[in-house]
Amino acid sequence: MKRPSVLAFLAGWVFLAILTTSCAARAEPGDELEAWVLTMGPGDGPFEKFGHNAIWIHDRLVDEDYVYNFGTYAFSSSDLLGKFWAGRLKYWLSRRKSIEATVRSYQRDNRTVVAQKLDLDAEQKDRLFEALEVNLEPENRYYKYDYYLDNCSTRVRDAVDGVAGGALRQVAQQPARHTFRGHTLRSTADLLAEYLVLDAAMGSFIDRPIDSWAEMFLPAELQAGLGRARLRGADGIERPLVVEEEVLFQATRPDKAVDPPRWMPSVLVAGAAIGGALAGLGALARTGRGGARVALGSLVALCGAILGFLGCFYVFGWAATDHRVTWANENILQMTPWTIALAILGVGVALGRPRATRRAWFLAAAAAAAAALGALLKVLPWFAQDNWRIVAFCLPLWCGAAVGLWLAGRAASQAPAAGAPAQGATAPAAQDTDAVAA
């Protein structure tokens, strides 16, 4: 090799080394990272109706993925149900080192997975990564789960907003489309049992007006909020927070309803139908039809067992749990705790016992009065719970039960006591009585 060529070769290597060293010196912690927010769509199970999300960090330098999930809990824990009912269930942050495995787990459940890439600078990405790693430490990872105020979605929201300089909160000041209840009911409308239980079990806390920031307790609302947010650079120029959005898996299921269903006519008809049946059975029982009396007692016992149990649950939820959503539930006037006694008294009604029928009537009449009071109190500003659906169901039901039991009670009081002679029958002669005694 000629000398000039050797010198040129060496000079090239020196230049390349200087360039590489200069670039490495200019690289900042976090340049090698990509920050994504994952949004998982709803599934089939009751705990999957609201969706889920997580934060995905990709390290290009070592080609590794870190998926941070704030929605981890021990489903097989022996005290899971106890802590759940008491409102003291602990969730924690977990980390999975595989984006492929994460997507496959939701693909198996036919749940959509969308990834949004955040246009954070190196320092912001590094701070987000470090904050997540600190949060992952055993002493930091656990938190007391709250359905609306502190869940997997609000934790992701707060983590992103913290490093984005409040960019997410800035676009979330407007009033929300729905209250917490509205979003809950539209999210569970395709699972009737869950819809009914949640609507009845939760009190006025979820009916207060909220803004878009609070609305991001739902992963889909957080996804929309991220799409609206903008970052302001050092030069004062704004840019979208989300620079790229990618669907990692598309589920084959219908989209969630935009608004909660309007089932007021249906529940009113259902309550009136049950109340009418109770009144009608009482009228038939008054005519002496034993089958009607048995049917009336059975239906009264069933209504008392279900609605009375819910009334007792309202007392327990308010007095003995940390569930703010169950405090001050106005439905306690529609499903009063004392009606659980009808589960036993209804048996006496079916057997035609006058005392049981009178007591059952008294409890049903008191329940009807309480339901009417709950409706009348709606004129006061302190009684603003959105429970007209419950009122429309319970008020006609208890009124019908009171009428039916009153009619059945009149029939029972007029019936001859067991062992007594029928009306118009002649009493046995004294000598016959003595003979029987002997």
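Keep in mind the model is a prediction, meaning the values are calculated, not measured.

### Regarding the packing of helix H7 (residues 180-187) against helix H8 (residues 192-201)
Across the interface, H7 lies against H8 with an axial gap of 9 Å and an inter-helix angle of 165°. In this view, H7 runs roughly antiparallel relative to H8, as classed from their interaxial angle. Where H7 crosses over H8, the handedness of that crossing is left-handed. In this structure, H7 uses Arg181, Thr184 and Leu185 to contact H8, whose residues at the interface are Tyr195, Leu198 and Asp199. Across the contact of H7 with H8, the residue classes tally to three nonpolar, one polar and two charged.

### Considerations on the sheet that holds strand S1 (residues 33-40)
Pairing within the open sheet is antiparallel, and its seven strands lie in the order S6-S4-S3-S2-S1-S5-S9. Of all the strands in the sheet, the pair left with one neighbour each is strand S6 (142-144) and strand S9 (242-249). The mean angle between the axes of side-by-side strands here comes to 25°, regardless of whether they run parallel or antiparallel.

### Looking at the confidence of the model for the protein chain
Parts of the model with low pLDDT should not have their predicted coordinates read in detail. The pLDDT averaged across the protein chain works out to 87; a share of 86% of its residues lies at or above 70. For the protein chain, the element scoring lowest by mean pLDDT is helix H16 (residues 430-437), at 35; strand S5 (residues 113-118) scores highest, at 98. Scored below 50 in pLDDT, residues 14-26 makes zero contacts in the model with residues more than four places away or belonging to other chains.

### Re the pattern of salt bridges
Per the counting criterion, the structure on display carries 21 salt bridges. Arg181 is the salt-bridge partner of Asp199, the closest N and O atoms lying 3.0 Å from each other. Linking Asp199 in helix H8 with Arg181 in helix H7, this pair joins segments that are 18 residues apart in sequence. We note that Asp199, like Arg181, is buried.

### Things to note about a nonpolar patch on the surface
Among the surface-exposed residues, Trp361, Phe362 and Trp406 lie close enough to one another that they form a single nonpolar patch of about 340 Å² accessible area. Checked against the element boundaries, Phe362 lands in helix H14 (residues 354-376).

### A few points about the packing of aromatic side chains
The final tally for this structure, using the stated rule, is 14 aromatic pairs. Both rings, one in Trp36 and one in Trp56, keep their centres 5.0 Å apart while their planes meet at 25°; by these two values the pair is stacked. Taken together, the positions of Trp36 in strand S1 and Trp56 in strand S2 (residues 52-59) put the pair 20 residues apart, joining distant regions of the chain. You can call Trp36 buried: its relative accessible area is 5%. Since its relative accessible area comes to 10%, Trp56 is described here as buried. Arranged with centres 6.5 Å apart and planes meeting at 20°, the rings of Phe180 and Phe205 form a pair that is stacked. In this pair, Phe180 is assigned in helix H7 and Phe205 in the loop between H8 and helix H9 (212-215), connecting sequence segments 25 residues apart.

Thresholds, definitions, all that
Residues numbered from 1 in each chain as written. Predicted model: local features only at pLDDT ≥ 70, side-chain atom pairs only at ≥ 80, totals over all residues. Heavy atoms only, no water. Axes fitted to C-alpha atoms, helices over the stretch in contact; angles between N-to-C directions. Helix = DSSP H or I, 4+ residues; strand = E, 2+ residues; numbered from the N terminus. Parallel < 35°, antiparallel > 145°, perpendicular 65-115°, else oblique. Left-handed = near helix turned anticlockwise from the far one by under 90°. Contact = heavy atoms within 4.5 Å. Nonpolar A, V, L, I, M, F, W, Y, C, P; charged D, E, K, R; others polar. Pairing = 2+ DSSP bridges. pLDDT = per-residue confidence, 0-100. Salt bridge = Lys/Arg side-chain N within 4 Å of Asp/Glu carboxyl O. Buried < 20%, exposed > 50% of the residue type's maximum accessible area, 1.4 Å probe, protein only. Patch = residues over 30% accessible without salt bridge, like charges linked within 9 Å, V, L, I, M, F, W, Y side chains within 5 Å. Areas by Shrake-Rupley, 256 points an atom, 1.4 Å probe, with all protein chains shown as cover. Phe/Tyr/Trp six-rings, centres within 6.5 Å; stacked < 30°, edge-to-face > 60°.

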